[in-house]
Amino acid sequence: MSAEQALEQWLSTHPQMRIVLILPAGMWGPRDAAPTGFGQFTISFLKGQIPIILPGAIPFVDARDVASAMIRAVHTGASGERFIVSQRMVTVAEIVRGLAKVSGKTAPRVRLSFPIATVFALIAETLGQLTSQPVLLSRVALAALSDDFDVSSAKAERELGVHFHPVEETLRDTVDWFRANGYV
């Protein structure tokens, strides 16, 4: 049974409870204290540790827009409804160029194709297993970048009134927050 099926079953026996699902894209933004994978990517970029540009794209959203959608869903979303919250698909190259622009750092110039990136991922995974070090690029992550999918937030925009920060503003605020809080 999937998590969503379990939730539907639970809701059927607890009709007094109201649950609205928010399905966010890859979240970026300030206050990423953990940091998440995207936060770590930003920190690595700022430290000059991203030597290449990977192929592919991800669905992108500012975490503040997700928080806003969640608050709006509490007030206006119907129980059992699902809302995708994603600004748009953004290529890795666009993210790297954006980070370079807002940070003043130099973007890498080397772009890898999927076949070459797959070889690098295999080598990284092998080295990670041998050294017990974290892997910066895995075949699973690369496969996610190669998925040719697009998602729509039209329902969240229409029913919840969700609006999105521009990508460059999100990247600028993310970089500024990591710098101000001693991550770089």
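Above this text sits the structure in question.
As the structure is a computational prediction, the values presented were derived from the model and not from experiment.

Asks: For this particular structure, what's the right way to read the overall build of the protein?
Replies: The secondary structure content of the protein amounts to eight helices and seven strands. Overall, the protein is about 55 × 35 × 30 Å in size when its C-alpha atoms are taken along their principal axes. The buried share of the protein, taken over its 184 residues, is 36%. Within the protein, counting contacts between residues at least 6 apart in sequence, those at least 24 apart form 81% of the total. A total of about 10,600 Å² of accessible surface is found on the protein, and carbon and sulfur atoms cover 58% of it. Side chains of the protein give 17 positive and 17 negative charges; the mean places of these two sets differ by 7 Å.

Asks: I'm lost on the sheet that holds strand 6 (residues 88-91) in this one. Help?
Replies: The strands making up a sheet associate through backbone hydrogen bonding, with each pair oriented either parallel or antiparallel. With mixed pairing, three strands are arranged side by side in an open sheet as 2-4-6. This sheet does not close on itself; its edge strands, each paired only once, are strand 2 (26-28) and strand 6. Between one strand and the next, the sheet's axes are offset by a mean angle of 55°, whatever the strand orientation. Looking at chain direction, strand 2 and strand 4 (residues 57-62) are connected through three bridges and run parallel. Bridge pairing links W28 to D62 in strand 4. Each of strand 2, strand 4 and strand 6 touches helix 8 (residues 167-180); the most contacted strand, strand 4, lies at about 75° to it.

Asks: Explain the packing of aromatic side chains to me, please; I cannot follow it from the model alone.
Replies: Here the distance between the centres and the angle between the planes together describe a pair of aromatic rings. Summed over all chains, the structure comprises six aromatic pairs. Plain terms: the ring middles of W28 and F60 are 5.7 Å apart, the flat faces sit at 20° to each other, and that makes the pair stacked. Of this pair, W28 sits in strand 2 while F60 is found in strand 4, placing the two residues 32 residues apart along the sequence. The pair formed by W28 and F60 is uniform in burial state, with each residue classed as buried. A centroid spacing of 5.5 Å and a plane angle of 70° characterise the contact between W177 and F178, whose relative ring orientation is edge-to-face. Its relative accessible area of 18% is what places W177 among the buried residues. A connected cluster of aromatic rings, assembled from ring pairs, spans W28, F38, F41 and F60. The ring of F83 carries K155 above its face, with NZ or CZ at 5.0 Å from the centroid.

Asks: Would you mind showing me how to read the pattern of salt bridges here?
Replies: Should the charged atoms of two oppositely charged side chains come close, the side chains can pair. For the coordinates displayed, the defined rule picks out eight salt bridges. For D173, the salt bridge is made with R64, and the minimal N-O distance between the two is 2.9 Å. Placement of D173 in helix 8 and of R64 in helix 3 (residues 63-76) is noted, with a sequence separation of 109 residues between them. Looking at R64, the relative accessible area reads 25%, which means it is partly exposed. Between E94 and R88 there is a salt bridge; the shortest N-O distance is 2.6 Å.

Thresholds applied
- Residues numbered from 1 in each chain as written.
- Predicted model: local features only at pLDDT ≥ 70, side-chain atom pairs only at ≥ 80, totals over all residues.
- Heavy atoms only, no water.
- Helix = DSSP H or I, 4+ residues; strand = E, 2+ residues; numbered from the N terminus.
- Buried < 20%, exposed > 50% of the residue type's maximum accessible area, 1.4 Å probe, protein only.
- Contact = heavy atoms within 4.5 Å.
- Areas by Shrake-Rupley, 256 points an atom, 1.4 Å probe, with all protein chains shown as cover.
- Lys, Arg positive; Asp, Glu negative; His and termini not counted.
- Charge placed at Lys NZ, Arg CZ, Asp CG, Glu CD.
- Pairing = 2+ DSSP bridges.
- Axes fitted to C-alpha atoms, helices over the stretch in contact; angles between N-to-C directions.
- Phe/Tyr/Trp six-rings, centres within 6.5 Å; stacked < 30°, edge-to-face > 60°.
- Lys NZ or Arg CZ within 6 Å of the ring centre and 35° of its normal.
- Salt bridge = Lys/Arg side-chain N within 4 Å of Asp/Glu carboxyl O.

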